[in-house]
Amino acid sequence: MSGTNLLSSGPLVLVNREHPVGADYEPDDLVKLKNVMPSSLVTVKGSDIEGDRTAAQALITMFEAAKADGVTGWQISAGYRSVKYQQKLFDRQVAEYQNQGLSVAKA
């Protein structure tokens, strides 16, 4: 990204074990990736997959560079998930394992 200063392109958020975000955190500028990612560069697998607009633009730049180098066939299968939605997915998977006969602890 020649000459691009990412620090000036928007607020960056460091998230890790030492710097967690709250359960109610939601990025300010979420976009539907299907609407902003060129289908000539990447396949977005779901119409409701969201991502931060700045991160999406950086991905487009990366995919364009990859294409110029002959690397294609990119796919996005997941994006931003709220804590509530992630918990729902987790609970659904635990229930599935329990239905298969696993204990709560093993599920």
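Look a little higher up for the structure.
Not measured: the values here are computed from a predicted model.

(A) Main features of the nonpolar core. With 11 residues, the main nonpolar core is built from V31, L33, M37, L41, V42, V44, I49, A56, I60, F63 and I76. At the level of elements, β2 (42-44) and α2 (53-68) are the ones that each hand at least two residues to this core. Discounting chain neighbours no more than four positions away, the residues touching V42 are M37, F63, W74, Q75 and I76.

(B) Here's a closer look at a nonpolar patch on the surface. A cluster of nonpolar residues, V13, V15, V21 and Y25, forms a patch on the protein surface that exposes about 320 Å² of accessible area. Checked against the element boundaries, V15 lands in the segment before β1 (30-32). Take V15: its relative accessible area is 48%, and that puts it in the partly exposed class.

(C) Region of the structure containing the pattern of salt bridges. Evaluation of the coordinates by the stated rule reveals 2 salt bridges. Across the pair R53 and D29 runs a salt bridge, and its minimum N-O distance is 3.1 Å. On the criterion of sequence distance, the pair formed by R53 in helix α2 and D29 in the segment before β1 is long-range, its members being 24 residues apart. Residue R53 is classed as partly exposed on the basis of its relative accessible area of 39%. Assessed through its relative accessible area of 32%, D29 is described here as partly exposed. The salt bridge involving K32 is made with D48; its shortest N-O contact spans 3.3 Å. Placement of K32 in strand β1 and of D48 in the loop between β2 and β3 (50-52) is noted, with a sequence separation of 16 residues between them.

(D) Fine view of α2. Along its 16 residues, α2 runs 23 Å from first to last C-alpha, staying within 8% of the 22 Å computed at 1.5 Å per residue. Every buried residue of α2 is accounted for by A56, I60, F63 and A66. Looking down the long axis of α2, one finds its buried residues gathered within 125° of arc, a one-sided arrangement. Residue D52 occupies the N-cap position of α2, its side-chain oxygen lying 2.9 Å from the main-chain nitrogen of T54. Just past α2, the residue G70 takes up positive phi, approximately 85°.

Parameters and conventions
- Each chain carries its own residue numbering, running from 1 in the written order of its sequence.
- Side-chain atom pairs in this predicted model are given and counted only at pLDDT of 80 or more, local residue features only at pLDDT of at least 70, and totals for whole chains, interfaces and linings cover all residues.
- Note that the side-chain values use all heavy atoms of the structure and ignore hydrogens as well as water.
- Nine residue types can take part in a nonpolar core, namely buried Ala, Val, Leu, Ile, Met, Phe, Trp, Tyr and Cys, and a core is a set of them joined through side-chain atoms within 4.5 Å.
- Burial here depends on accessible area, computed with a 1.4 Å probe over protein chains only, as a share of the maximum for the residue type. Under 20% is buried, over 50% is exposed, and the range in between is partly exposed.
- Strands are runs of DSSP state E lasting at least two residues, helices are runs of H or I lasting at least four, and both sets are numbered from the N terminus onward.
- Any two residues having at least one pair of non-hydrogen atoms within 4.5 Å are treated as being in contact.
- Like-charged residues are merged into a patch within 9 Å and nonpolar side chains (Val, Leu, Ile, Met, Phe, Trp, Tyr) within 5 Å, provided each residue has over 30% relative accessible area and no salt bridge.
- Residue-level accessible areas treat just the shown protein chains as cover; the underlying method is Shrake-Rupley with a 1.4 Å probe.
- We count a salt bridge whenever a side-chain nitrogen from Lys or Arg sits within 4 Å of a carboxyl oxygen from Asp or Glu.
- A helix is expected to span 1.5 Å for every residue after the first.
- Taken from the helix axis, the directions to the C-beta atoms give the arc we talk about.
- Pairing of N or O atoms within 3.5 Å defines a polar contact, subject to two protein rules: one partner must be a possible hydrogen donor and the other a possible acceptor, and residues neighboring in sequence count only if both atoms are side-chain atoms.

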